[in-house]
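Read off the chains here:
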Amino acid sequence: MSPVAFVYVLHVFSAVLWVGGMFFAWMILRPAVIAALEGPARLKLWVQVFPRFFVWVWCAVIMLPVTGIGMINLNFSGFQTAPRYVQVMIGLYVVMVALFLRISTLNLPNLRKAVAAEQWADGAAALGGIRRLVGINLIVGIAVIAIAAARPGF
């Protein structure tokens, strides 16, 4: 495998892991949890799920710019010569990281605190905030994947 192919595989794997994980959580796990568990048990489950997933998201957050910069340097000899769609993807990555940081540093601690205190209404509100931000991040992530696949000439 060539160095360019190896870097590309790591980049795509990281993106699929992050966006695919959000898709799974939003479209599959969330509805199943709602159908199977009562409110307090639901909140307790999410307190266990998020930290496990976020370890992998942190890996993607680190790997995506490392491999992205590597591909830019290998394919375009720098940011100035990279196509506009690559620059758009970088901007959307920054948006995704900002949303993730908000979830992991503000919303998740609020959820943990509410669940530990058995403040179920506060926990539900915190989980609702996480759900909305994950939904937005999922849409942005799908847009990035579409841009990467289409490679538009804008």
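Each remark here, short or long, concerns the structure printed above.
Residues numbered from 1 in each chain as written. Predicted model: local features only at pLDDT ≥ 70, side-chain atom pairs only at ≥ 80, totals over all residues. Heavy atoms only, no water.

In this model, the largest pocket occupies a volume close to 760 Å³. The wall of the largest pocket is formed by 28 residues, among which H11, G68, M71, M89 and A148 lie closest to the centre. Those elements that provide at least two residues to the lining of the largest pocket are α1 (3–36), α2 (39–76), α3 (84–116) and α4 (120–150). Looking at the lining of the largest pocket element by element, the count peaks at eight residues for α2. For the lining of the largest pocket, the residue count by class is 23 nonpolar, four polar and one charged. In this structure, the second largest pocket spans a volume of roughly 300 Å³. Lining the second largest pocket are 18 residues, and of these R30, W46, L127, G128 and R131 sit closest to its centre. Every element with two or more residues in the lining of the second largest pocket is listed here: α1, α2 and α4. Among the elements that take part in the lining of the second largest pocket, α4 stands out by supplying seven residues, more than any other. In terms of residue class, the lining of the second largest pocket is made up of 13 nonpolar, two polar and three charged. (1 Å grid on protein atoms, 1.4 Å probe; cavity = no way out; pocket = protein on both sides within 12 Å on 5 of 7 lines; lining within 4 Å. Points joined across faces, edges and corners; volume = space filled by probe spheres on them. Helix = DSSP H or I, 4+ residues; strand = E, 2+ residues; numbered from the N terminus. Nonpolar A, V, L, I, M, F, W, Y, C, P; charged D, E, K, R; others polar.)

With 33 residues, α3 should cover 48 Å at 1.5 Å per step; its first-to-last C-alpha distance of 47 Å lies within 8% of that length. Most pronounced at N107, the bend in α3 amounts to some 35°, and the proline P109 follows within four residues. Of the residues trailing α3, E118 is marked for its positive phi of about 55°. (Expected span 1.5 Å × (residues − 1). Bend = angle between axes of the 7 residues up to and from the residue.)

In this section: the nonpolar core. Among the nonpolar cores identified, the biggest contains 38 residues, and W18, W46, F50 and L111 are the most heavily contacted of them. Setting aside residues no more than four positions away along its own chain, L111 makes contact with L43, W46, V47, F50, G123, A126, L127 and I130. (Core = buried A, V, L, I, M, F, W, Y, C linked by side-chain atoms within 4.5 Å. Buried < 20%, exposed > 50% of the residue type's maximum accessible area, 1.4 Å probe, protein only. Contact = heavy atoms within 4.5 Å.)

Now for unusual backbone geometry. Its identity is not glycine, yet S77 carries a phi of approximately 55°, on the positive side. Following the sequence through the fold, S77 ends up in the loop between α2 and α3. Positive phi, close to 45°, is recorded for R151, a residue that is not glycine. As for its position among the elements, R151 is in the segment after α4.

Turning next to the side chain of S14. One can find S14 in helix α1. Of the residues examined, S14 reaches a relative accessible area of 6% and is grouped as buried. Among the polar contacts made by the side chain of S14, one reaches the main-chain carbonyl oxygen of L10 at a distance of 2.9 Å. Those residues in contact with S14, other than ones at most four positions away along the chain, are A60, M63 and L64. (Polar contact = N/O pair within 3.5 Å; in protein donor to acceptor, adjacent residues only side chain to side chain.)

Turning our attention to empty space enclosed by the protein. Over the atoms a probe the size of a water molecule is rolled, and this reveals where empty space is left. The full count for this structure, using the stated rule, is one cavity of 30 Å³ or more. Lining the largest cavity are W18, M22, A25, F50, F53, F54, V57, F100, I103, V134 and N137. Examining the composition of the lining of the largest cavity, we find that four residues originate from one element, α2, more than from any other.

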